[in-house]
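# Tertiary structure, described
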Amino acid sequence: MKLTKFTHACVRLEKDGRVLVFDPGTFSETDEALAGADAVLITHEHADHVDVDAVVAALLGSGSLQLFAPEGVAATLRGKADGAVERIHTVAPGEEFDAAGFAVRSFGGQHALIHPQIPVVANVGYLVDSNVYHPGDSFAIPDGVDVRTLLVPIHAPWNKVGEVVDFVIGVRAPRAFPIHDALLNPSGLGLIEGHVTRIGAKYGTEYRHLSSGESVEV
């Protein structure tokens, strides 16, 4: 399976001629990420994870594109994409489903706390083909499964370095790659990735930096 990172939280998976996209948000190269996509997984409603206009355009431009998201996101998209309502699916934690030939399991439930005065929204993490785990904006560790490839939220208004490292330690995936890094300059990114690389290795996780547009086989 080919994994391609785009800016921030967007990741594209390709397998057997099928394409699945995580979180094509407003910080990301959505047109490129969504080109030829068969399925889209949205973790939550924040704009850096779902560019509503771009996703609606993709849904209306394809008669087969399937989208999976928490109820709030799904409802918003149904209201803007009348011609694709039947292809927009609601997902809750603890479900298993097929998305364009990819086997998906959902975990989590809510976005990490940013501040007590900022409402907490629904957030669903996705494990694809018992391999790639995208947690969205949370550090929810999938229960009862082994993750082979972890996508790590490196930086956000809701996290700190120690929590990022503890998430990597807790999941113990053999390999890990960054997401959610658009708000960092190179100095900050290097500092955080240094901690994740060094400490993660003690617990069996090989962390590797991916730049936007870079691909790797997983």
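Conventions adopted
Residues numbered from 1 in each chain as written. Predicted model: local features only at pLDDT ≥ 70, side-chain atom pairs only at ≥ 80, totals over all residues. Heavy atoms only, no water. Helix = DSSP H or I, 4+ residues; strand = E, 2+ residues; numbered from the N terminus. Buried < 20%, exposed > 50% of the residue type's maximum accessible area, 1.4 Å probe, protein only. Contact = heavy atoms within 4.5 Å. Pairing = 2+ DSSP bridges. Axes fitted to C-alpha atoms, helices over the stretch in contact; angles between N-to-C directions. Phe/Tyr/Trp six-rings, centres within 6.5 Å; stacked < 30°, edge-to-face > 60°. Lys NZ or Arg CZ within 6 Å of the ring centre and 35° of its normal.

### Considerations on the environment of alanine 84
In this structure, alanine 84 sits in the loop between helix H3 (71–80) and strand S6 (88–90). Given the relative accessible area of 0%, alanine 84 is considered buried. Taking C-alpha positions, alanine 84 is 6.2 Å from leucine 59, a pair spaced 25 residues apart along the chain. In this view, alanine 84 contacts Leu59 and Leu60; residues no more than four positions away in its chain are not counted.

### Describing the sheet that holds strand S13 (residues 206–207)
Ordered by their spatial adjacency, seven strands build an open sheet running S7-S8-S9-S10-S11-S12-S13, and the pairing between neighbours is mixed. In this open sheet, the two strands that pair with only one neighbour each are strand S7 (96–99) and S13. Two elements, strand S9 (residues 122–128) and strand S10 (residues 132–134), share three bridges in a ladder whose sense is antiparallel. Its bridge partner lying in S10, tyrosine 126 is registered against histidine 134. Where helix H4 (residues 161–171) meets the sheet, it contacts S10 and strand S11 (149–153), and its direction lies at approximately 165° from that of S11.

### What about the pairing of strand S8 (residues 102–110)?
Note on strand geometry: in a regular strand, side chains alternate between the two faces of the sheet. Where S7 and S8 come together, four bridges link them in antiparallel fashion. Counted as the bridge partner of alanine 99 is phenylalanine 102 from S8. Where S7 folds back onto S8 in an antiparallel hairpin, the turn is made up of two residues, including alanine 100, whose phi is positive at roughly 55°. Here seven bridges tie S8 to S9, and the two strands are oriented antiparallel to one another. Residue pairing for S9: serine 106 is matched across the bridge by tyrosine 126.

### What about the packing of aromatic side chains?
Inspection of every chain in the model, using the stated rule, returns four aromatic pairs. Arranged with centres 4.7 Å apart and planes meeting at 20°, the rings of phenylalanine 68 and phenylalanine 97 form a pair that is stacked. Residue phenylalanine 68 is found in strand S5 (residues 66–69), and its partner phenylalanine 97 is found in strand S7; the two are separated by 29 residues along the sequence. With respect to burial, phenylalanine 68 and phenylalanine 97 carry one shared label: buried. For the cation-ring pair, lysine 15 lies above phenylalanine 102, with the distance from its terminal atom to the ring centre recorded as 4.7 Å.

### Description of unusual backbone geometry
With phi around 45°, aspartate 23 is a residue other than glycine that occupies positive phi space. Mapping aspartate 23 onto the fold places it in the loop between strand S3 (18–22) and helix H1 (30–34). For aspartate 23, a relative accessible area of 0% puts it in the buried group.

### Quick word on the pairing of strand S2 (residues 11–15)
Pairing of strand S1 (residues 2–5) with S2 involves four bridges; the strand directions are antiparallel. When the sheet's bridge partners are listed, leucine 3 is paired in S2 with leucine 13. Between S1 and the antiparallel strand that follows it, S2, lie five residues; histidine 8 among them carries a positive phi value of about 70°. Looking at chain direction, S2 and S3 are connected through five bridges and run antiparallel. Within S3, the position partnered with leucine 13 by the bridge is leucine 20. Counted along the chain from S2 to the antiparallel partner S3, the turn is two residues long, and its residue aspartate 16 has a positive phi close to 50°.

### A word on the environment of valine 147
Structurally, valine 147 is set in the loop between S10 and S11. By relative accessible area, which is 6% here, valine 147 ends up buried. Sequence separation of valine 147 and alanine 173 is 26 residues, and the distance between their C-alpha atoms is 5.3 Å. Not counting chain neighbours up to four residues away, the residues in contact with valine 147 comprise Leu127, Asn131, Tyr133, Pro142, Val171, Ala173 and Pro174.

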